[in-house]
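# A structural walkthrough
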Amino acid sequence: MNWKKILIMGGIVLVVVIIVGATVAHNSQGVVGVQMGKVKAQDLTSTVTASGQIKPKTFVNIGANAFGKIVKLYVKEGDHVARGQKLAQLENVQSAADVGAQRATLTANQADAIAAEAGLNTAVAELNRDKADLVQKKLDYQRAEGLFQSELISKADYDARKAAYEAADANVAQAQARIAQSKAQQQSAAGHVTSARATLTRFADQLSKTIYAAPFDGTITNLPVHEGETVVIGIQNSPGSTIMTLSDLSIITAEVRVDETDIVNVKLGQPAEVTIDAIPKKTFHATVSEIGDNAIIRSTGLATSQSTTGSEEAKDFKVVVTLSDPPENLRPGLSCTAKITTATRSHVLAVPLQALTIRQAKDLQDNADKKNNMQAAASSGPDDPGKKELQGVFVVQNNKAKFVTVETGVAGVTDIEILSGLKESDTIVTGSYKVLRSLRNGAKVKQEKIEERPPDEQKS
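For the structure given in this document, a descriptive report is provided here.

Definitions and cut-offs
- In this numbering scheme, every chain counts its residues from 1 along its sequence in written order.
- With pLDDT at 70 or above as the cut-off, local features in this predicted model cover only qualifying residues; side-chain atom pairs require 80 or more to be listed or tallied, and sums for whole chains, interfaces and linings still use all residues.
- The basis for every side-chain value is the complete set of heavy atoms in the structure, and neither hydrogens nor water enter the calculation.
- Think of it this way: any DSSP run of H or I at least four residues long counts as a helix, any run of E at least two long counts as a strand, and we number them from the N terminus.
- For this analysis, a salt bridge means a side-chain nitrogen from Lys or Arg found within 4 Å of a carboxyl oxygen belonging to Asp or Glu.
- Each residue gets one of three labels from its accessible area relative to the maximum for its type: buried under 20%, exposed over 50%, partly exposed in between, using a 1.4 Å probe on protein chains only.
- Buried Ala, Val, Leu, Ile, Met, Phe, Trp, Tyr and Cys residues form a nonpolar core when they are joined through side-chain atoms within 4.5 Å.
- Note on definitions: a residue-residue contact is assigned when non-hydrogen atoms from the two residues lie within 4.5 Å.
- Centres within 6.5 Å are what make two rings of Phe, Tyr or Trp a pair, Trp counting through its six-membered ring; a difference in plane orientation under 30 degrees is then read as stacked, over 60 as edge-to-face, and the rest as tilted.

## Re unusual backbone geometry
The general pattern is negative phi for most residues beyond glycine and trans for most peptide bonds. A cis amide bond, omega -5°, links glycine 431 with the succeeding residue serine 432. The backbone phi angle of lysine 281 is positive, close to 60°, even though this residue is not glycine. Along the chain, the position of lysine 281 falls in strand E11 (residues 279-297). Notably, asparagine 398 is not glycine yet its phi reads approximately 55°, a positive angle.

Given below as structure tokens:
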């Protein structure tokens, strides 16, 4: 009897095991293993990172203004100079000779102008004298005419006085002609003086371009030439010789290029942190001081306004940040990276960026809705509401994944702000990325165990 009881008890246990196993297998069928996390409040900072190089805010490349040989360099690289201080001297023998010759020409023309003015004054004096003589001769002629009609003088006397009057009138006309001639000579002499003065100005300008002076207080940061070298001015598309670069190192900036997708978030006055490759493990504080309005084609470095053809290439925008605490040993041209803080949020709901996913509206409908809308969906066009894409996350409720649309705000490095759709402590699906791509609304889910790798593998 004992062995019969044992068999019966064994059979009962076996049946129970089979039932339990079948139940577990049935319940686990269609269950998706996912990674889960809690919605929690935290501080978020949105940043834009861009690379570039260190540049002084004010600098100038002093280029050649004339063709000639450098006969004297008064500075060397690294020297501090004051505004107006002489920097370099080009050969100026011909320019100085032209200025001297033109000054002599101007002096001669000015003397001619003085002589012309004196001639005009003489002609005016002669005209006044001839006018007075004409008045006297006219009176004599009028008296003689009366006496001749009274037969008190002879016709010879009358004719003499008449001829004297006509000669005086001709002298006045001649004096007036001499005045007009003197005025023309004076105007010509004045024109020669003006022309000579303009030519002297041109020659003096050419002479001044052989001397280079500092336009502002600064430091010589580049001096690529030596005494005895010949420099040339730029022509058409050929750049001229650069004699030196003068920089004002009192204000240092970092000029970086920001991707076109991030430039809309960058504003003047935003704080930034600058790291310099030559000064590792040190961060410098800065502020955005300039934002370029013209896009720069990344492959060519040319602005889009300089390109004659349209381009679909990636574009950047120039952004300048001014360092508030630059070190003294900083030099222009050093490579740097700027991390610009575009927004900050304190104690806001946030979820990992990878938890966000996109679903079409039709994928979120239940089976009954799908059957009722099948006819309309088959005949709908590209504006079908069912094809509208929704952004959201999967919230875990009763071991099922429910898609919830959310409104997002500021994005940090790994997390993004949630403005609406979730509440604190909600459990959401955070991964894996492969699972999130295909996870269905309403699917059964379970917490997936994340296997920790040995320390040696983590290091590798």
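## Concerning the pattern of salt bridges
One pass over the structure, following the stated rule, counts 14 salt bridges. The salt bridge involving glutamate 255 is made with lysine 55; its shortest N-O contact spans 3.4 Å. Here glutamate 255, found in strand E9 (residues 242-259), pairs with lysine 55, found in strand E2 (residues 40-63); they are 200 residues apart in sequence, far enough to count as distant. Glutamate 255 sits in the partly exposed class, given a relative accessible area of 24%. With its nearest N and O atoms 3.6 Å apart, the salt bridge here joins arginine 129 to aspartate 130. For aspartate 130, a relative accessible area of 7% gives the class buried.

## A look at the nonpolar core
Formed by 25 residues in total, the largest nonpolar core has its most connected members in Val258, Val266, Val274, Ile276, Val319 and Val321. If you list the elements that add at least two residues to this core, you get E2, E9, strand E10 (271-276), E11, strand E12 (315-323) and strand E13 (335-352). With five residues, E11 is the single largest residue contributor to this core. If we skip the residues at most four places from it in the chain, valine 266 touches Val48, Val258, Val288, Ile291, Val319, Ile340 and Thr342. Core analysis: the second largest hydrophobic core is formed by 19 residues, Ile70, Ala214, Ile220 and Leu223 among them.

## Observations concerning the packing of aromatic side chains
One pass over the structure, following the stated rule, counts four aromatic pairs. Their ring planes at 5° and their centres at 5.4 Å tell us that tyrosine 141 and tyrosine 165 sit as a pair that is stacked. With tyrosine 141 in helix H2 (residues 93-149) and tyrosine 165 in helix H3 (residues 155-208), the pair connects residues that are 24 residues apart, well separated along the chain. Using a relative accessible area of 16% as the deciding quantity, one classes tyrosine 141 as buried. Owing to a relative accessible area of 22%, tyrosine 165 belongs among the partly exposed residues under this scheme. Taken together, a centroid distance of 4.8 Å and an interplanar angle of 15° make the contact between phenylalanine 148 and tyrosine 158 stacked. Here phenylalanine 148, found in helix H2, pairs with tyrosine 158, found in helix H3; they are ten residues apart in sequence, far enough to count as distant. Residue class for phenylalanine 148 comes out partly exposed when judged on its relative accessible area of 28%. The structure contains a cluster of three or more aromatic residues connected by ring pairs, namely Tyr141, Phe148, Tyr158 and Tyr165.

Distances and angles like these do not, on their own, reveal function.
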